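Spelled out from the first residue to the last, the chains are:
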Amino acid sequence: MSINTVLFDLDGTLIDTNELIISSFLHTLDHYYPGEYKREDVLTFMGPPLYDTFVKMDKDRVQEMIDHYREYNLRMHDELVTDFEGVYETVKTLHEKGIKLGIVTTKMSPAVHMGLKLSKLDQFFDVIVALDHVEKAKPDPEPVLLALKQLDAKPEEALMVGDNYHDILSGKNAGTKTVAVSWTLKGIDFLKKYEPDYILEHMEDILPIVGVTNE
């Protein structure tokens, strides 16, 4: 069956927020646990919702830590976020060819809109499913299924594209084909363990998968 729908994770997939996220974690953890966490320590925290990370550290101050993180993250957003090569051109092509496009992310809506606006990708996405739109985040299928419903799309006609294991698992749990990006900070060998259907070396590699030629 042909693919007519592509769902994208945002951070680390469409926009390079890696430095922003690492910096936000270090800013927060240095405040609550001075000197205990280094850059390499926070890489494992990237991807899942903030609550899942901070509740394991201090269940009594989890919301306080989330607020501390988000204040810094939003303040530093435009300074630290950059583009991934080929993303804008590829998404633009998909949009022009009539492919249904959606964002499925574990970020909150305000930060999602900031990232899409900064990268000028906001014009291509009619559907955004953020953390504040669902009860259960990825890897649960709920966010993917909600995006598909809003796009009037079927799982078997869709791709879920991401840079982390919970993107792949959420797509599999929802019944879509799954796509891992090789520029993941986790390392592509890590994502291969979750058996994505496709691996992109460059974003434009997605075009032949959906039957689109880049003219």
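(A) The arrangement of the overall build of the protein chain in detail. Helices and strands together make up the secondary structure of the protein chain, namely 10 helices and eight strands. Against the compact-globule benchmark of 17 Å for 215 residues, the protein chain has a radius of gyration of 17 Å, which places it among compact chains. Principal-axis analysis of the C-alpha atoms gives the protein chain an extent of 50 × 30 × 30 Å. Residue pairs in contact within the protein chain that sit at least 24 positions apart in sequence constitute 65% of those at least 6 positions apart. Of the accessible surface of the protein chain, which amounts to about 10,300 Å², a share of 49% is contributed by carbon and sulfur atoms. Charged side chains in the protein chain number 22 positive and 38 negative. The centres of these two groups are separated by 3 Å.

(B) Spatial organisation of helix α6 (residues 109–118). Listed in full, the buried residues belonging to α6 are S109, A111, V112, G115 and L116. For α6, the arc enclosing every buried residue in end-on projection is 165°, short of the 170-degree limit, so these residues lie on one face. Residues of α6 that are buried in the fold lie against β2 (15–16), α4 (62–80), β4 (100–104) and β5 (127–129). Trailing α6 by a residue or two, K120 shows a phi angle of about 65°, which is positive.

(C) Structural context of the pairing of strand β6 (residues 158–162). Among the five residues in β6, five count as buried, and that is most of the element. The alternating pattern of β6 places A158, M160 and G162 on one face and L159 and V161 on the opposite face, and all of these are buried. With four bridges joining them, strand β1 (residues 5–8) and β6 adopt parallel strand pairing. Pairing of T5 across the sheet is with A158, part of β6. Sheet topology places β6 next to strand β7 (residues 177–181); four bridges connect them, and they run parallel. Counted as the bridge partner of M160 is T178 from β7. With helix α8 (residues 165–174) bridging β6 and the parallel β7, this β-α-β connection has right-handed handedness.

(D) Local environment of the nonpolar core. Core analysis: the biggest nonpolar cluster contains 35 residues, and F8, L14 and F125 have the highest contact counts within it. If you tally residues by element for this core, the top one is helix α5 (residues 87–96), at three residues. With residues near it in sequence (within four places) discarded, L14 still touches F8, D9, F84, V87, V91, I103, L121, F125 and M203.

(E) The arrangement of the packing of aromatic side chains in detail. The final tally for this structure, using the stated rule, is 12 aromatic pairs. Every member of this aromatic cluster is reached through a ring pair, and the members are F25, Y33, Y37, F45, F54 and Y69.

(F) Helix α7 (residues 142–151), seen in detail. Three or more residues of α7 are buried, namely P143, V144, A147, L148 and L151. Buried residues of α7, viewed axially, fall in a sector of 135°; they line one side. One or two steps after α7, the chain reaches D152, where phi turns positive at roughly 55°.

(G) Here's a closer look at the pattern of salt bridges. This model, assessed by the stated rule, comprises nine salt bridges. Between K92 and E96 there is a salt bridge; the shortest N-O distance is 2.7 Å. Placement of both K92 and E96 in helix α5 is noted, with a separation of four residues, approximately one turn of the helix. Salt bridges sharing common partners tie together D9, K138 and D167.

Cut-offs used in this document
Residues numbered from 1 in each chain as written. Predicted model: local features only at pLDDT ≥ 70, side-chain atom pairs only at ≥ 80, totals over all residues. Heavy atoms only, no water. Helix = DSSP H or I, 4+ residues; strand = E, 2+ residues; numbered from the N terminus. Rg over C-alpha atoms; globule rule 2.2 N^0.38 Å. Contact = heavy atoms within 4.5 Å. Areas by Shrake-Rupley, 256 points an atom, 1.4 Å probe, with all protein chains shown as cover. Lys, Arg positive; Asp, Glu negative; His and termini not counted. Charge placed at Lys NZ, Arg CZ, Asp CG, Glu CD. Buried < 20%, exposed > 50% of the residue type's maximum accessible area, 1.4 Å probe, protein only. Arc of directions from axis to C-beta. Pairing = 2+ DSSP bridges. Right-handed = clockwise from strand over helix to strand, strands pointing away. Core = buried A, V, L, I, M, F, W, Y, C linked by side-chain atoms within 4.5 Å. Phe/Tyr/Trp six-rings, centres within 6.5 Å; stacked < 30°, edge-to-face > 60°. Salt bridge = Lys/Arg side-chain N within 4 Å of Asp/Glu carboxyl O.

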